[in-house]
Every structure is written in C-alpha cells, then in structure tokens.
Amino acid sequence: MLKVKDLYAKIEDKEILRGINLEVKAGEIHAIMGPNGSGKSTLASVLAGREDYEITKGSVEFLGSDLLEMAPEVRAREGLFLAFQYPVEIPGVTTTNFLKTALNQIREYRGESPLDAVSFLKHIKDKMNLVEMNQSLLNRSLNEGFSGGEKKRNEIFQMAVLEPTLAILDETDSGLDIDALKIVANGVNKLRSSENATIVVTHYQRLLDYIIPDYVHVLYNGRIVKSGDKTLAVELENKGYDWIKEEVGSIA
Amino acid sequence: MVDIKETFLNKYIEFEKGLNGQTGTPIHDARKAAIQQFEQAGLPGPKNEEYKYTHLSRTLRKDLDLGLDSFSSKLSENEIEKFHFPHDEANVLYFVNGFFKSDLSKILSPESEFKVTELGTAFEDYQQDIQEIFGKHLNHQDAFAALNTALTNQGVFIKVEKGKALSHPIIIYNITDTSEGNVIYYPRNIVLLGENSHARIVETFQTFGKGKSFINQAGEIIVKQSANLEYYKIQEENKETLRVDNTQIVQYRDSVFNAFTFTFEGKMIRNNLSIRLVDEHCESHMFGLYLVKGNSHVDNHTVVDHLKPDSFSNEIYKGVLDENSTGVFNGKIYVRQDAQKTNAFQSNKNILLTETASINTKPQLEIWANDVKCSHGCTTGQLDEEQMFYLQTRGISKESARAILLTAFAEDVLENIKIDFIRKHLHNTISSRLKH
C-alpha cells in the first residue's frame, strides 16, 4: 500500500529525514517510535503533504501512485489520513459542517454521488458512538475550547467519518489520560480491517498496549535504525532510547 | 487642468437659480452656509489627514467630467427588477440615478406607522421637520458633506411615528444607470425615528452598465428617546464607482442603533459613519464587512462621540482584501468629560490574500472622562496556513478551504444581522465572491 524509498527531506537548510525506507501493507499496523527530534512528526507531515518541507531525494508510492506529486487534498481523497499531533482550532467552522464538505469532495473524487443531509447525519451518528463523541462538541467551532482529550478524540472521529485506507496517527497519545487513551485506541481498533493500514507515531509504548502493532520501527537522526515486532516497544519502554543511540553510534 | 473646486462652485450658482420656492428659507440658509464652508476649505488635498490614504479629489479630477449633470434613466421596469434580491414582504423604494421611481415602489405599512416622501417634496410638505434636521448635524468640515448639503435635491425623507414599530422593513434600491454616460449625483436621506419607535432600513447600491459615476451621498438620522433603528447598507456597485457616504446619526436617551456596512465593489468607496450620543443610556453597534478585489479601494472612517454618561458602543469591522485592493479603517471614539461609565469597544480585523493588497488601520481614542471602559484592537494577517493545511488533509480543495475560512472570518459580523433574508442574501453574495 505504501512504499517509502530512501526518502530525504529538509526544512530550510536543516536535513531531517535522511534515507527512510518503509513498506506498509494492507491490514498492518506499524508503530514508529523514537526520541524527540528524530524526525517522526516530519515523516508524518511529509506523507500528508505539508509544504514546509522540501523533498530532496527518494520516492513514496501510495496504492501504486506517486504520493509526492499529489496536493494534500488529493492524498486525502486517495485514502490517506493524518491525525494531527496539534489539531488546529478554527473559530466559526463546526466539525459537522466542514466534514460534510470534506466527505462529499472525497466522494465526488471517487465518482460517488454526494450524501444528502439525512444520510450524512446518520453516517456521523454511527461514528460518534465509536469514539464516544458528544453531539454538542460537533456543533461547536472546531476544537475551540476543547480539552486535549476532546481534540484527539475529534481526530479519530474524523478518521472514522472519512474511512481512510491509510491512517497516520501523530502522537495521538500525548497528553491523554488513561480513559481518553482507551477510547481513542478502541476507536482505532474498531476501524481496523484487512483493507486498511495504520501508522502510529509515538514516543511512548503506552498506546501500543491498546493498539497492538505488527511492526515497530525506531527512528533516529532521520533514519529507521531498528525494526522489530511489538516486543521492541516494550524493550524501548524499559531501557529508554540511549542504548539505541549507542548502538547506532558504534556502527557509525 | 480642470479646477474642480471652481466646477462645484459654478454648479452651485446654477443650482441656486433653480431653487425658487426654497429661496430665503432655513433650508436655503443651510445650503449657503455649506457652500461657503466648502469654498473656504476646498476639496481635501494630499496633505489632508482625513483623506491621507484616499485620494478622492485627484481621482475625481482625473476620472470624470464633473461639469455634467445626472440624466434621468430610461431603464425599464424589467431591467430594474433584475436588481431585486429575494426578500420577505417589505416596503420597497426604488431610486435610479437619484430619481424616485414611484410607480415601482410599494409601501405596505400604513401611513399611521410611517411617512415616506422623496426629499424634494419633503422640503415643502414636511418643512418643519426637515428644517430642524437638514444640515444641522452633518459634519461640514468634510468637503463632500458640505457639497451634498449645498447641492442635494434628491433622496428620501422617512419619518417613523412616535410609538410605532414598523411591521415590515424598508428596502431602498439605489441604482445608478451608467449606460448613457457618466453619472454624478448628490442624494440625501433624512430619517427621523419618533420616540419609542422601531424601524429597519436596508439600502442596496448597485450599478447598471459599466460606465463611471460619482455619488456623493449623505444622511442625517435622528433616533429619539427609546427608539430602535437597524440600518443596513450593501455597497455592490461597479468597478468604476466613486462613492462618498457621509452619514450622521444622533441618538437620544435609551435609544438603540445598529449600523451594518457591507462593501463588495467600487473603484473608490469612502464611508464616513458618525454617531453622536447626546444623552444617557444609549446603545450603538457598528458592524462592517468589506470584501474587495481588483483595484478597489475602500475606506471606512467611523466616529462614536459619547457626550453623556452610561452609554455603550461596540464596533466590529472586518476586511478581506484580494488582488490589488486597498483598504483604510479609521475608528474614532470620543468620551467627553461628562460621559462617565461609558463602555466603548472597537475591533478591526483584516485578511490580506495577496502581497499586493494592503490596509491602513488606525484606532483613535480620545477620553476625557475618568471612569470608563474602553478597548480597541486591530489585526492584519494572511489566511492561517495551518488551518488551510488541516482542511486540505481532510480532502477539501484549496479553494473550498479558503472559502470556509473566510466565511468563518466574516461570521463575526454576519451573525449580528437581525433580518434572516438579509443574512441569507449576504451569505450568497459572499460565497459567490469567494468562488473566483
């Protein structure tokens, strides 16, 4: 589904990604872990199409097409979704309202007819239950005055509504209390199928107790320096990142 | 080069010859005083602080043969009705090039509620009322306001009777027909709300044809004790329109006034909106939205003058400037020594969509009283890139994301509109604007 090959990206003159290789297949969950500043969020942003980064080398193939050639909205319409680490607040725009525009533009792109108001409301009602989302939050300005947990839940709710093929969760667990974490993880698990895939970007192992990854990758200095199964995450949690840094250092 | 001051003075001499019945009346006296003031001060030059960013005199000189007079339009009823926007039942008045179209206009509210008369007739039929208002309140230090008082013989007089609440809003279609040449005119509206009355007035300004025009508009609005007035102006004329609008409101005790000013098009639009709160416990709101592109220039100068204690004023102006358009906002708040316990708030926010669009914004607070609450703020920025990116990652096109964010930006103003069909009309206007 996703093939990242030797990907290099920089912001201004700072090189952040330095040769990423990653392949994600349908039905898989990949966790990308790493210390602060290792390039985790950059990778998520580059995949979603943030313009601040310059791709200097490498390629990304998504469902057989060149992802890097696509505008952010086209990536979304092709089935990519990014749950933001810091979801933005947009005063005057309600979640329900912009999601209707989003969903219908995605449907139009795929040659499907737009949902009418009634079908749309039914669709979001189903998804609301999935992440225990309150109706009143959806009728308020997007994320304005939301708690951290509410913002993250709103991200997963949007993911549920838009039904992406590949979802990237960027530090979705940061700052969540255990109840919110369970709700978010539960939502992600329920959306899982053999048709779609998830990349969980996180600093901590905690979320991975609830979303069980098939693969764990450690990102350090802009490269994936170690890959393994879920036990790697546990090892990282117990031993911290220093041993990774040392291991990488001794190779270099 | 044409001396435009001389042109206007000559115009007055001609105009005065035709006054006949009005000669020697207080109305004539007001005209004479105004033209004298104009003669002394002349048109605002480049050094005039109030017109520093709006070079109206220079543009007038370059743009128009000011010696011309407005012609009476030959627009048919069908053509005029194209300017209609959907609305509920209303009292509807049509003016084309300043001339009242009585055959098209429809008054639903009974005469016991309000009287509406074209200004020329009102000078005779409502001499008493008019004499007390005409030229008494407008700031004639503004050369264009002085010229309007000197030269106007068009417009409307609206008198809402004491204790009456108008059952229907008043909609005034102001159409400028430029199809047969340049149009220059000086309409003047006089509105008198009797004690404890309520009215809603909507004015739209539109153009037929692609020709040039200069419209020097003025208004004097008196809101008596406990009265309530909502006044909407929707400026959507053509790209060649030069417009100055001087509107002076005077509010008495316990009265409420809401002004809405929307500007969507025009070559150079200058609005001077000024409110004097001459008594206690008044409430005033000024809402403005300008959404312009091309080479449009829109300038809003507002004044709220608190003269007595315990009044409240609030002002929100928002602007979206695209392409090469330019804007000016100047908001003055005066709180006089007597005006203790005044609450006065002001905000001006702008979004520039291109590097060539610009805005000059200046709040000006002058406070002589010591127990007051005043605040003001202005911001100018671009569309938030993070918000744009966020919406795009949800599958929304760049154009739609832009429209969503700008509509949300305008919503602070639109949500205050109290007439549903007006809000709808403006939402439609804005979304069609944002599509291009």
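Residues numbered from 1 in each chain as written. Chains lettered and ligands numbered in written order. Predicted model: local features only at pLDDT ≥ 70, side-chain atom pairs only at ≥ 80, totals over all residues.

A. Focus on the overall build of chain B. Across its full length, chain B holds 10 helices and 20 strands. Here chain B has a C-alpha radius of gyration of 21 Å; the compact-globule value for 436 residues is 22 Å, and the two agree. When the 436 residues of chain B are sorted by exposure, 49% land in the buried category. The contacts in chain B between residues at least 6 apart in sequence include a share of 84% that link residues at least 24 apart. (Helix = DSSP H or I, 4+ residues; strand = E, 2+ residues; numbered from the N terminus. Rg over C-alpha atoms; globule rule 2.2 N^0.38 Å. Buried ≥ 20, exposed ≤ 12 C-beta atoms within 10 Å, placed from the backbone. Contact = placed C-beta atoms within 7 Å.)

B. Inspection of the interface of chain A and chain B at higher detail. Contacts between chain A and chain B engage 20 residues on the former and 17 residues on the latter. When residues of the side of chain A that touches chain B are traced back to their parent elements, those giving at least two are α2 (72-78), β7 (90-94), α3 (95-109) and α6 (148-162) of chain A. Broken down by element, the residue count for the side of chain A that touches chain B peaks at 5 residues, all from α3 of chain A. When grouped by side-chain class, the residues that make up the side of chain A that touches chain B number 13 nonpolar, 4 polar and 3 charged. (Nonpolar A, V, L, I, M, F, W, Y, C, P; charged D, E, K, R; others polar.)

C. The packing of α6 of chain A against helix α7 (residues 178-191) of chain A, seen in detail. Residues and elements named next belong to chain A. Relative orientation of the contacting elements α6 and α7 amounts to 5 degrees, with a least axis distance of 10 Å. In terms of their interaxial angle, α6 and α7 are classed as roughly parallel. In this structure, α6 uses Gly149, Lys152, Arg153, Ile156, Met159 and Ala160 to contact α7, whose residues at the interface are Ala180, Ile183, Val184, Gly187, Val188 and Leu191. Looking at the contact of α6 with α7 residue by residue, the classes come out as 8 nonpolar, 2 polar and 2 charged. (Axes fitted to C-alpha atoms, helices over the stretch in contact; angles between N-to-C directions. Parallel < 35°, antiparallel > 145°, perpendicular 65-115°, else oblique.)

D. A look at the nonpolar core. One finds Phe81, Ala83 and Ile168 of chain A together with Leu147, Leu193 and Val223 of chain B to be the most contacted residues of the largest nonpolar core, which totals 189 residues. Excluding residues that lie within four positions of it along the chain, Ile168 of chain A makes contacts with Ala44, Leu47, Ala48, Phe81, Leu82, Ala83, Ile199 and Val201 of chain A. (Core = buried A, V, L, I, M, F, W, Y, C linked by C-beta atoms within 7 Å.)

E. Quick look at the domain arrangement of chain B. All names here are of chain B. Split by domain assignment, chain B resolves into domain 1 (1-224 + 240-279), domain 2 (285-382) and domain 3 (384-436). Computed from C-alpha atoms alone, the centre-to-centre distance between domain 2 and domain 3 is 22 Å. Contacts between domain 2 and domain 3 engage 8 residues on the former and 8 residues on the latter. Looking at the side of domain 2 that touches domain 3, the elements that each hand over two or more residues are β14 (283-292) and β16 (312-321). Broken down by element, the residue count for the side of domain 2 that touches domain 3 peaks at 4 residues, all from β14. Split by residue class, the side of domain 2 that touches domain 3 holds 6 nonpolar, 1 polar and 1 charged. (Domains from an automatic or database assignment.)

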